[in-house]
Amino acid sequence: MSDQERFVYDAARAVDPLGDLEEEAEKQAKHNRAKVGSARPSSLLYTYGPGSIMDLPQFTIMPTGLDDWERIWRRRGTPPSIHAPRLKQVVRFMLGSNDVELRPHPWQPKKHSRSMEGNDLGVPARVFPQWLRCTGCDLLGKLSQFDYKNTHPYRTDLAIFEHTKCPGRAGNRSRKAMRRPAVPARYLLACVDGHLDEFPYDLWVHHGQPCSNAELPVLKMVDRTAGKGASAVIRCESCQVQRPMNEAQGEAGKAKLPDCRGRHPHLDAFDHRGCGQKTRLMLVGASNLWFPATQSIIVMPDSPQEKAHDLADRIRTTLGDKLDKYRAHLDILRDLLETSQVDVSDLTDSQLAAAVETACAPQDTPEEQAEKRQNWDPVDLLVPEWQHLLLPMLGKRNEDPKSGLTLATRERGPLLRPEITRVLAVEKLRKVNALVGFTRIDDMDRVGDLSRRLAPLTRTARPTWTVATEDRGEGIFLQLDETSVAGWEKRILDTDVWQAHREAHQRNFERRFSETAGQVDPDSRLKPPRYWLLHTFAHVLIRELALTCGYSAASLSERLYAWPEAENREPAAGLLICTTASDSDGTLGGLVQLSEPTRFQSVVTGALRKARRCSSDPVCSMRTPQTPEDFLHGAACHCCVMASETSCERANRFLDRRFLLDLPGSSLGYFSSDE
């Protein structure tokens, strides 16, 4: 057996030194299940969701899969759900399940800091990684070798793992053993298919062989005082061999690492399909360790079709097997539905019969769901929003109680740019965000649409729910003149600047696209010129609005409606600048106030005036990617256009001020005149 083969075989013996909670309960072992930290719902969706690693003051944890969250929700009987039919339909075929609910995080607000509400709720998590290093003597060991303390009910930051009999380092040993804190050993193994595993330090230092002097060798992790990257050295105190971690870095290091075992530690399981990918050395705090795959919508009033599908879904999920039994007995169905708090009192018998027939219709097969995933375009989520925002309004203000959307018309100011044809004040809006999975190493936007890239959230192949958040806020919507945008876009497609962007995007695509992706045309992922225009315009507006609206620029976000005419889709050219908060009160109205005619025209004028000059000009204004460069922006930098990660939906890609305004040496701007 080769070293590589033995490496894989021996590492597969112990899955997890911390057993499952139910197994420990059967042994009647006592554990302290106190909470160890807290986080906002938005951070648990976008930064620290299932499968990620969260830093606590003394150690790191990993939120577990939704199977464990389900046990938390069972304590409350029927868990709450979030109403967003349009988003739910997309989540269903992305997760491969015909019945998926959107649920909030298992959390309940407290009346005051010492009240007991919600003590039975919380996001379950496990300690990960489970190799720790003593800060006093550099001992490297598994979780069971250290003592855990967490006794103060209101000081979760005091939870800590300790080495109870630390002798200290050589040359600085104390006469009496002391308690020293232990910190996570910072190295992990990850693969591009979303798997994550502990680094097998004992096998690494012995080159895949067992220790010659001890069955359970004593390991130490010694940090060097200089150097970059993996600067630690693993030393076996039992046989005195050592090996530096920097041997695992880079392309040469990949050959020394084991193949991926297909482990999902958040599920305490291995992928049943196995995994043939090569592993990569990863640090615990690496930014590419966890990328959420989310979908979000601005909730609009339900269309008749959405209402019909939503009612059919509720009937099917509520009645289950009873649906076929009583489908011909409408009176019995009414009683059963009313008992389950499904209101059908306003439906006639014919309407209820139609809803029942829809509920009884055959569900999509796995093959049909896979086809939907393959052909789905994210723009499909935006189309209903765009269509509703363009509807003529009866009166100056329109409020929909169910969706929470409140729109108000705004007159165009006399000095507002003529290219802007419609302005709406979005006084109230509700945004729903749902998690459908996550990726590692590469963001989902960069790795293709293969379902194997998405790491699962549950052990079951067809999950029944996923976690979602509701944010409430306000915003400003504006529409550009489609005729002028279409003419400008046609002109841009024939320019040298656009050709340079297209070639740079192809280079970027080929260099950073995951090797697990199929054959995808790079041009199909390149955003059209109108997207670059509206994206750049949104960023300069965010910068200008932040000066007077009362919210920081990082609190404002963009939602872009920018696509050319297609076979089954009308063209769109508009944007929504909004701010949202996760509490029930929403925001304070400072952004909406700036939609008033005189104020908004001043905002637009100021934003365009400032975009004409950048402190990095002429370097910024003349920036065009040339071979072999592969950056995805032109005349844009952090001094003039780029925004924070919370504001931009494309990570500051697809930006160019030359498409917005005529800069020195170019005449490509959409707002080319000085009106």
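Structure: see above.
All of these numbers come straight from a predicted model, not from anything done at the bench.

The rules behind each value
Residues numbered from 1 in each chain as written. Predicted model: local features only at pLDDT ≥ 70, side-chain atom pairs only at ≥ 80, totals over all residues. Heavy atoms only, no water. Helix = DSSP H or I, 4+ residues; strand = E, 2+ residues; numbered from the N terminus. Buried < 20%, exposed > 50% of the residue type's maximum accessible area, 1.4 Å probe, protein only. Core = buried A, V, L, I, M, F, W, Y, C linked by side-chain atoms within 4.5 Å. Contact = heavy atoms within 4.5 Å. Pairing = 2+ DSSP bridges. Axes fitted to C-alpha atoms, helices over the stretch in contact; angles between N-to-C directions. Salt bridge = Lys/Arg side-chain N within 4 Å of Asp/Glu carboxyl O.

A cis amide bond, omega 5 degrees, links D617 with the succeeding residue P618. The residue P618 is located in the segment after α19 (597-611) in this model. Following T627, the chain continues to P628 via a peptide bond in cis, the omega torsion being 10 degrees. Residue position: P628 is located in the segment after α19. The residue D268 is not glycine, and still its phi comes out positive at about 50 degrees. The topology assignment puts D268 in the loop between β15 (263-264) and β16 (269-270). Given the relative accessible area of 28%, D268 is considered partly exposed. For I441, which is not glycine, the phi torsion reads 70 degrees and is therefore positive. Considering the arrangement of structural elements, one finds I441 in the loop between β21 (420-439) and α14 (444-447). Exposure remark for I441: the relative accessible area of 10% places this residue in the buried category.

Counting 54 residues, the largest nonpolar core has L480, F537, L575 and L660 as its most contacted members. At the level of secondary structure, the elements contributing two or more residues to this core comprise β21, β22 (465-480), α15 (482-492), α16 (496-512), α17 (529-545), β23 (557-563), β24 (572-581) and α19. Of the residues forming this core, the biggest block, 10 residues, is contributed by α17. Setting aside its immediate chain neighbours within four residues, L660 contacts L533, T536, F537, V540, L608, A611, G669, Y670 and F671.

Attention now goes to the pairing of strand β9 (residues 178-184). Bridge count for strand β5 (residues 131-134) against β9 is three bridges, and the pairing is antiparallel. Note on β9: the bridge partner recorded for L132 is P184. Note that strand β8 (residues 160-166) and β9 share three bridges and pair antiparallel. Counted as the bridge partner of H163 is R180 from β9.

With antiparallel pairing, the three strands of this open sheet are ordered in space as β11-β10-β17. Every other strand in the sheet has two partners, leaving β11 (196-198) and β17 (280-283) as the edge strands with one partner each. Across this sheet, the average inter-strand angle for adjacent strands is 40 degrees, counted without regard to direction. Across four bridges, the pairing between strand β10 (residues 187-190) and β17 is antiparallel. Paired with Y187 across the strands is L283, a residue of β17.

Let us now look at the pattern of salt bridges. Per the stated rule, a full pass over the model turns up 40 salt bridges. The partner of D259 in a salt bridge is K278, with the nearest N and O atoms 3.2 Å apart. Within this pair, whereas D259 is found in the loop between α7 (250-254) and β15, its partner K278 is found in the loop between β16 and β17, the two being separated by 19 residues in sequence. Owing to a relative accessible area of 37%, K278 belongs among the partly exposed residues under this scheme.

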